[in-house]
Structure formats: C-alpha cells, structure tokens
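Each chain, written out:
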Amino acid sequence: MDHVLIKAAQDALKNAYVKYSNFKVGAAIRLKDGSIIQGVNIENASYGLTNCAERTALYTAYAAGYTKEDITEMVITTEQDHLISPCGACRQVMSELMLKDVQVHMVYGENIKTVLNKELLPWAFSEDDL
Ligand code: THU
C-alpha cells in the first residue's frame with residue numbers, strides 16, 4: 001500500500017469545506033504517471049449540492065485531462081476512528097470514471113480496508129444500458 005497516497009488524502013482533510021456537517025473527508029487518486037490528485041468534500045447551504053471528496057478528486061483528475069486508464073488507486077479517509085465507505089452517488093460516479101479493478105483503500109488511523117471498484121457497486125447502471 002502506498003503510504004504517500006494515504007498521507008496525501010490525510011493532508012487534504014484540512015481543505016474540506018464542511019460548514020454544515022463538520023465531517024471532513026479526504027480522497028487521493030494515484031495516476032500512472034506517478035502524480036497524485038487530492039479531493040475533499042465541499043458543502044453548500046443548499047445541502048444537496050454537497051460534493052463528496054471522492055467525486056471532487058475524480059472530477060479534478062478529469063478536468064486536468066486524465067481519464068480512467070490513468071487511475072491506479074484511490075484512498076478515502078476521515079478524522080473518524082472507524083471506516084467510512086463511499087456513498088451511493090460516489091459509487092455510481094466511480095463505476096464510470098475508474099476501471100473496474102482499481103483498488104479503493106478506506107483508511108482510518110493505521111487501518112486500511114481495500115476493495116475493488118467493481119465490488120462497491122455491483123449491477124451499476126452504465127453506458128451499456130443506454
Ligand atoms: N461524504 C464524502 O465526502 N464522502 C463519502 O464517501 C461520504 C460522505 C461527505 C458528504 C458530507 O459533506 C459529509 O461527508 C457528511 O455526509
């Protein structure tokens with residue numbers, strides 16, 4: 001496991017915009033060229049417009065010109081002392097914007113739970129259904 005990637009997700013926590021929940025989430029994506037892209041949750045007074053850390057990281061990667069072929073793994077972390085896994089909306093986005101076998105590491109403290117992207121949303125709706 002890439003501890004530099006974990007540190008990047010933890011470092012991102014300070015930038016979370018969590019005015020309403022005070023629940024900070026940090027994410028970091030490793031790319032094939034070695035670079036790392038961070039993401040945090042960004043909330044809004046209109047609560048439903050909140051963007052989760054996972055989606056922020058993915059959208060930032062795509063905005064920089066990367067695509068699913070470039071992404072090798074993702075770390076998600078919080079300040080909590082238990083594991084948190086991606087919400088349903090993020091799973092849907094992750095299933096489209098990352099390859100099926102990308103590793104997703106959920107980290108809290110020294111603990112790491114790793115799953116594959118495809119395990120997070122079996123039977124995902126996809127472009128194949130359109
Ligand atoms: N949140 C994330 O950023 N990622 C998740 O996987 C779960 C939830 C955020 C949304 C909101 O800002 C806060 O955590 C509490 O729900």
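This report concerns the structure included in the present document. (Residues numbered from 1 in each chain as written. Predicted model: local features only at pLDDT ≥ 70, side-chain atom pairs only at ≥ 80, totals over all residues. Heavy atoms only, no water.)

## Focus: helix 1 (residues 3-12)
The criterion, for reference: Note on classification: 1.4 Å probe, protein chains only; a residue is buried when its accessible area is under 20% of the maximum for its type, exposed when over 50%, partly exposed between these limits. Elements are defined by DSSP. Helices are runs of H or I of four residues or more, strands are runs of E of two residues or more, and each kind is numbered from the N terminus. The arc in question is traced by the directions running from the helix axis to the C-beta atoms. It only takes one pair of heavy atoms within 4.5 Å for two residues to be counted as in contact. Side-chain atoms alone can form a polar contact between residues adjacent in sequence; in general such a contact is a pair of N or O atoms within 3.5 Å, and within protein one must be able to donate a hydrogen while the other accepts it.
Turning to helix 1, its buried residues are Leu 5, Ile 6, Ala 8, Ala 9 and Ala 12. For helix 1, the buried positions fall inside an angular range of 160° around the axis, keeping them on one side. Turned more than 90 degrees from where helix 1 packs its buried face, His 3 and Val 4 sit exposed. The elements touched by buried residues of helix 1 are strand 1 (25-31), strand 2 (36-40), strand 3 (71-78), strand 4 (103-108) and strand 5 (111-116). Capping of helix 1 at its N-terminal end is provided by Asp 2; its side-chain oxygen lies 3.0 Å from the backbone amide nitrogen of Val 4.

## Things to note about the site of the ligand
So the rule is basically this: When at least one non-hydrogen atom of a residue lies within 4 Å of a molecule or strand, that residue is treated as near it. Using the Shrake-Rupley algorithm and a 1.4 Å probe, accessible areas are obtained, with residue cover drawn only from the displayed protein chains. Ten residue types, Ala, Val, Leu, Ile, Met, Phe, Trp, Tyr, Cys and Pro, are classed as nonpolar, four, Asp, Glu, Lys and Arg, as charged, and the remainder, Gly among them, as polar.
As a matter of local geometry, the ligand sits amid Ser 21, Phe 23, Val 25, Asn 41, Glu 43, Thr 50, Cys 52, Ala 53, Glu 54, Ser 85, Pro 86 and Cys 87. Separating an oxygen atom of the ligand from a side-chain N or O atom of Asn 41 is a distance of 2.9 Å. Here an oxygen atom of the ligand and a backbone polar atom of Cys 87 are 3.4 Å apart. When the ligand is considered free in solution it has 370 Å² of accessible area, and contact with the protein chains removes 78% of it. Partitioned by chemical class, the residues of the shell around the ligand number six nonpolar, four polar and two charged.

## Some words on the pattern of salt bridges
The condition is simple: A pairing counts as a salt bridge when a side-chain nitrogen of Lys or Arg comes within 4 Å of a carboxyl oxygen of Asp or Glu.
Inspection of every chain in the model, using the stated rule, returns three salt bridges. Ionic pairing is found between Asp 2 and Arg 30, a salt bridge with its closest N-O pair at 2.5 Å. Of this pair, Asp 2 sits in the segment before helix 1 while Arg 30 sits in strand 1; the two residues are 28 residues apart in sequence, bridging distant segments of the chain. A residue is classified by how much of its surface remains accessible, and Asp 2, at 16% relative accessible area, is buried. Across the salt bridge formed by Asp 101 and Lys 118, the nearest N and O atoms sit 2.7 Å from each other. Note that Asp 101 is positioned in the loop between helix 3 (88-97) and strand 4 and Lys 118 in helix 4 (residues 117-120), a separation of 17 residues in sequence.

## Some words on the packing of helix 2 (residues 53-63) against helix 3
Operational definition: Angles here are taken between N-to-C directions and fall from 0 to 180 degrees, while the axes themselves are lines fitted to C-alpha atoms, restricted in helices to the stretch in contact. Any angle that falls under 35 degrees is termed roughly parallel, while one over 145 is termed roughly antiparallel, one within 65 to 115 roughly perpendicular, and all others oblique. Put simply, a crossing is left-handed when the front helix is turned counterclockwise from the back one by less than a right angle, and right-handed when it is turned clockwise.
Running from N to C, helix 2 and helix 3 point in directions that differ by 30°, and their axes come no closer than 9 Å. As the angle between them shows, helix 2 and helix 3 are arranged roughly parallel. As for the relative orientation of helix 2 and helix 3, their crossing is left-handed in sense. Across the interface between the two elements, Glu 54, Arg 55, Leu 58, Tyr 59 and Tyr 62 of helix 2 pack against Ala 89, Cys 90, Val 93, Met 94 and Leu 97 of helix 3. Across the contact of helix 2 with helix 3, the residue classes break down as eight nonpolar, no polar and two charged.

## Notes on the state of the cysteines
Disulfide: a covalent bond connecting the sulfur atoms of a pair of cysteines. Short version of the rule: Note on terminology: pairs of cysteine sulfur atoms within 2.5 Å are recorded as disulfides.
Applying the stated rule across the entire model yields zero disulfides. Between Cys 52, a free cysteine, and Cys 90, which holds the nearest cysteine sulfur, the sulfur-to-sulfur gap is 3.7 Å.

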